[in-house]
Amino acid sequence: MMKRTFLAFLACLSFALSSAHAQPQHRAPEGLYLVTDYPSVTVQPGKPATINLRLYNHGVAPTRLALRVEDAPADWKVQLLGGGQPVAAAMPATDDHVSLQLRVEVPKDVQPQPRTLTVVAQGQGTELRLPVEVALAERLPAKLEVKASLPALRGGPRASFDYQLTIRNDSGEDQLVNVSAQVPRNFEASITESYGSQQLSSVPVAAGSSKDVKLSVRAPALVQPDTYPVVFTATAGDAQATAELSLEIVGQPRLRISGRDGLMSLAAEAGKAGTTPILVLNEGSAPATSVSLSASAPSGWTAEFEPKEIERIPPGESAEVQLRLTPSNRSLAGDYMTTLRASTEGESASGDFRVTVETSTLWGITGAAIIAIAVLVLVGAIARYGRR
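Residues numbered from 1 in each chain as written. Predicted model: local features only at pLDDT ≥ 70, side-chain atom pairs only at ≥ 80, totals over all residues. Heavy atoms only, no water.

**Student:** Is there a simple way to explain the nonpolar core in this structure?
**Tutor:** For soluble globular proteins, the rule of thumb is that nonpolar side chains tend to be buried together. Grouped together as the largest cluster of nonpolar side chains are 29 residues, with contacts concentrated most on Tyr163, Leu165, Ile167, Val177, Leu215, Phe232 and Leu247. Put simply, the parts of the chain that give this core at least two residues each are β11 (144–148), β13 (160–169), β14 (175–182), β16 (202–205), β17 (210–218), β18 (226–236) and β19 (239–249). For this core, the element with the most residues is β19, which contributes six residues. Those residues within four positions of leucine 215 in sequence are excluded, and the remaining contacts are Phe161, Asp162, Tyr163, Leu165, Ala181, Ala189, Ser190, Ile191, Val230, Phe232 and Leu245. One finds Leu80, Ala90, Leu102 and Leu128 within the second-largest nonpolar core, a separate group that totals 25 residues. (Core = buried A, V, L, I, M, F, W, Y, C linked by side-chain atoms within 4.5 Å. Buried < 20%, exposed > 50% of the residue type's maximum accessible area, 1.4 Å probe, protein only. Helix = DSSP H or I, 4+ residues; strand = E, 2+ residues; numbered from the N terminus. Contact = heavy atoms within 4.5 Å.)

**Student:** Mind showing me how you'd approach the packing of aromatic side chains here?
**Tutor:** In this description, a pair of aromatic rings is defined by centroid distance and the angle of the planes. For the coordinates displayed, the defined rule picks out two aromatic pairs. Both rings, one in phenylalanine 187 and one in tyrosine 228, keep their centres 5.2 Å apart while their planes meet at 50 degrees; by these two values the pair is tilted. With a gap of 41 residues between them, phenylalanine 187 in the loop between β14 and β15 (188–193) and tyrosine 228 in strand β18 connect regions that are remote in the sequence. Judged on exposure class, the residue phenylalanine 187 and its partner tyrosine 228 are both buried. (Phe/Tyr/Trp six-rings, centres within 6.5 Å; stacked < 30°, edge-to-face > 60°.)

**Student:** Quick question: what am I supposed to make of the sheet that holds strand β1 (residues 31–35) here?
**Tutor:** Sheets are built from strands paired through backbone hydrogen bonds, the pairs being either parallel or antiparallel. Taking strand neighbours across the sheet as the criterion, the five strands line up as β1-β3-β8-β5-β6 in an open arrangement whose pairing is antiparallel. Edge positions in the open sheet fall to β1 and β6 (85–86), since each of these has one partner strand only. In the sheet, strand β5 (residues 77–82) pairs with β6 via two bridges, with the strands oriented antiparallel. Along β6, the bridge assignment pairs glycine 82 with glutamine 85. (Pairing = 2+ DSSP bridges.)

**Student:** Sorry, what's going on with the pattern of salt bridges here?
**Tutor:** It is possible for side chains of opposite charge to pair when their charged atoms get near one another. One pass over the structure, following the stated rule, counts twelve salt bridges. A salt bridge links glutamate 70 to arginine 129; the nearest nitrogen and oxygen atoms lie 2.7 Å apart. Remark: arginine 129 occurs in strand β10 (residues 126–136) and glutamate 70 occurs in strand β4 (residues 65–70); sequence separation between them is 59 residues. Among the residues examined, arginine 129 registers a relative accessible area of 43% and is labelled partly exposed. (Salt bridge = Lys/Arg side-chain N within 4 Å of Asp/Glu carboxyl O.)

**Student:** Looking at this structure, how should I read unusual backbone geometry?
**Tutor:** Glycine aside, residues mostly have negative phi angles, and peptide bonds mostly take the trans form. Cis geometry is found at the peptide bond from glutamate 306 to proline 307, where omega equals 0 degrees. At aspartate 95, a residue that is not glycine, the phi angle is positive and equals roughly 55 degrees. Mapped onto the secondary structure, aspartate 95 falls in the loop between β7 (89–90) and β8 (96–105). Residue classification places aspartate 95 among the partly exposed positions, given a relative accessible area of 48%.

**Student:** What am I meant to see in the side chain of threonine 192 here?
**Tutor:** Secondary-structure assignment places threonine 192 in strand β15. Excluding residues that lie within four positions of it along the chain, threonine 192 makes contacts with Ser197, Gln198, Gln199, Leu200, Val213 and Lys214.

**Student:** Would you mind showing me how to read the sheet that holds β15 here?
**Tutor:** Taken in spatial order, the four strands of this open sheet run β11-β13-β17-β15, and their pairing is antiparallel. This sheet does not close on itself; its edge strands, each paired only once, are β11 and β15. Across the sheet, the mean angle from the axis of one strand to that of its neighbour is 25 degrees, orientation sign disregarded. (Axes fitted to C-alpha atoms, helices over the stretch in contact; angles between N-to-C directions.)

Structure representation (structure tokens):
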């Protein structure tokens, strides 16, 4: 019983497969066809538009067909192109097609009223007609948009504030966009390409596209801590877009080293310590904290500060320390230079300090005595041996 059932199933399956193979395959009807994917389009007055067409040959002998466009207004520029060149006829091979383009250019001042153009292919008793509706878009004004990735920056007076900006052209035409920046008095501003150094006053932006630029702003050296406005402007014709930016200047100390009376000098004897007052001034706009002091003296010398570190110097004020210098015992008389340094976090200052080394009186007396003894010995020698 099971064997009979299985054989019956195989017979039904074989019949179904043979019936499927017996069905005729789908095939387009024979003939010539002129088609387009978009039979209704919108074009911009004053701008050329291209509409793609295809001329099909299904199962018939190659036929030469003359091409023309009917119903086009007299002031419109209309052309049929094939392979990028104007054509007046086409001959598609059997079971093949020919690609064509309908190029339409509407005058700028035409009324925005839709028109229907008819593309005709005709030859040997065959006439193919393809209507294409052309609607006219109203001319849109230029539209610009500016965006900053980081519109507010913060830094010290010596920092460079770099803003990354994107200019977008949302109009239907390419635009040459003029760019400028409004900054506070005595500030410096420059506009460059996003990753370049060439300064720009204008930049081309294609329709529907965007362009990245960089705005760099530098503050003057003596600027006061505050928040300052910066305005970036992009202009193209009647269109304008701005980006309101800001930069915050934070206070920063600025150190300077000086003598009490303005002189950076000291007279000292070799081997003996000399002490002089030194002023550390803060000419910046923020307190200087934990100011450390150091000196680079000639070899064999010692240089010490008392105190070695200043806890705090308010803006516009100074602190006095004592510099203790001891020249080497072997130092000869003359002028020597010592470099003094003061440093705090993110700021430092240095100054040259002149030390005039003098020999002591004792060494002068000793030297004179040695010279006198040498002279006496010489005179005695001449007196004794000169008689011989």
